Amino acid sequence: MRLQNLMERSERQSKRVCHERHFTQEVFYDATLSSTQWQQVIEGLREARHPAPLIKDGRTVTVYQHVIANQVLVVKRYNIKSIWHALRRCFKSTRARRSWINIELLNFLHIPTAKRVACIEHRFGFIKKQAYLVMQRLSGKTLSQFVEHSQELQDVIEQLRNIFSKLYRFVS
């Protein structure tokens with residue numbers, strides 16, 4: 001029940017989240033952004049149709065780094081592979097929306113994660129096209145880099161165990 005309430009709260013208009021729904025797109029974004037910052041985010045996404053500094057270029061997701069409104073952001077563009085993939089995705093929530101909700105869940109559990117900036121779903125009525133998830137970029141090492149150069153492996157394992165036990169207690 002708490003999980004369902006949290007999911008619903010992360011998708012509706014509030015002090016922290018702005019929600020706009022149109023025939024051609026649905027947008028969730030951080031309410032702390034000013035209107036000029038929000039316009040810069042939208043313009044930055046339009047300019048970055050073919051982004052140069054790619055982090056990942058896959059069939060279903062393209063990840064790139066982009067500087068928008070003096071912030072280094074990571075943009076994940078979830079692609080539709082084919083017409084059959086689009087038809088299967090019509091009645092499910094997009095991966096961008098699920099990631100938006102999962103970031104809220106991790107924040108609720110006090111698990112450090114990237115700050116979400118926006119979730120943008122391009123659509124035609126109920127038919128979903130591309131979806132974007134925009135997050136602030138976190139600096140630091142990846143887990144594999146940290147473990148590779150760390151002498152405190154047991155501490156890392158214990159921290160991970162605590163994080164997963166929090167998640168397990170919350171979900172069950």
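Bear in mind the structure is a predicted one, so any value in this text is a computation, not a measurement.

Asks: Lay out the side chain of Asp30 in plain terms, naming residues and giving numbers.
Replies: Mapped onto the secondary structure, Asp30 falls in strand E2 (residues 25–30). Those residues in contact with Asp30, other than ones at most four positions away along the chain, are Arg16, Trp100, Lys115, Arg116 and Val117.

Asks: Describe in detail the sheet that holds strand E4 (residues 61–68), supporting the description with residues and values.
Replies: If you trace the seven strands from one edge of the open sheet to the other, you get E1-E2-E6-E7-E5-E4-E3, paired in antiparallel fashion. Each edge of the open sheet carries a strand with a single partner, namely strand E1 (17–21) and strand E3 (54–57). Mean inter-strand twist for the sheet, computed between neighbouring axes without regard to direction, equals 15°. Relative to E2, E1 runs antiparallel, the two being bridged by five bridges.

Asks: Run through the pairing of strand E6 (residues 116–124), naming residues and quoting values.
Replies: Walk down a regular strand and you will see the side chains alternate between the two sheet faces. For E6, the tally of buried residues reaches seven of nine residues, placing the bulk of the element in the interior. Turn length for the E6-strand E7 (residues 127–136) hairpin, with the two strands adjacent in sequence and antiparallel, is two residues, and the turn residue Gly125 shows positive phi of about 70°.

Asks: If you had to explain the packing of aromatic side chains to someone new, which residues and values would you point to?
Replies: Each aromatic ring pair is described using two quantities: the centre-to-centre distance and the angle formed by the ring planes. Per the counting criterion, the structure on display carries two aromatic pairs. Stacked on the ring of Trp100, the Lys or Arg Arg116 has its end atom at 4.0 Å from the ring centre.

Asks: Any details on the pairing of E4? Residues and values, ideally.
Replies: Burial analysis of E4 places six of its eight residues in the buried class, which makes it a mostly covered element. With three bridges connecting them, E3 and E4 associate as antiparallel partners. Within the sheet, the bridge partner assigned to Asp57 lies in E4 and is Thr62. Counting the residues between successive antiparallel strands, the hairpin from E3 to E4 contains three residues. The pairing of E4 with strand E5 (residues 71–78) spans eight bridges and is classified as antiparallel. When the bridges of E5 are listed, Val67 appears paired with Val72.

Asks: Provide a residue-level description of the pattern of salt bridges, including the pertinent values.
Replies: Under the defined criterion, the tally for this structure stands at eight salt bridges. Ionic pairing is found between Glu26 and Arg123, a salt bridge with its closest N-O pair at 3.3 Å. With Glu26 in strand E2 and Arg123 in strand E6, this residue pair connects regions lying 97 residues apart in the sequence. Residue Glu26 shares its accessibility class with Arg123, and that shared class is buried. Where salt bridges share partners, they join Arg21, Glu26, Arg97, Glu121 and Arg123 into one cluster.

Asks: An account of a positive patch on the surface is needed here, citing residue identities and associated values.
Replies: Side chains of Lys56, Arg59, Lys81, Arg88, Lys92, Arg95 and Arg98 sit close together on the surface and give a patch of like positive charge. For Arg59, the location among the structural elements is in the loop between E3 and E4.

Scoring rules and cut-offs
Residues numbered from 1 in each chain as written. Predicted model: local features only at pLDDT ≥ 70, side-chain atom pairs only at ≥ 80, totals over all residues. Heavy atoms only, no water. Helix = DSSP H or I, 4+ residues; strand = E, 2+ residues; numbered from the N terminus. Contact = heavy atoms within 4.5 Å. Pairing = 2+ DSSP bridges. Axes fitted to C-alpha atoms, helices over the stretch in contact; angles between N-to-C directions. Buried < 20%, exposed > 50% of the residue type's maximum accessible area, 1.4 Å probe, protein only. Phe/Tyr/Trp six-rings, centres within 6.5 Å; stacked < 30°, edge-to-face > 60°. Lys NZ or Arg CZ within 6 Å of the ring centre and 35° of its normal. Salt bridge = Lys/Arg side-chain N within 4 Å of Asp/Glu carboxyl O. Patch = residues over 30% accessible without salt bridge, like charges linked within 9 Å, V, L, I, M, F, W, Y side chains within 5 Å. Areas by Shrake-Rupley, 256 points an atom, 1.4 Å probe, with all protein chains shown as cover. Lys, Arg positive; Asp, Glu negative; His and termini not counted. Charge placed at Lys NZ, Arg CZ, Asp CG, Glu CD.

Don't take any of this as a statement about function, it's just geometry.
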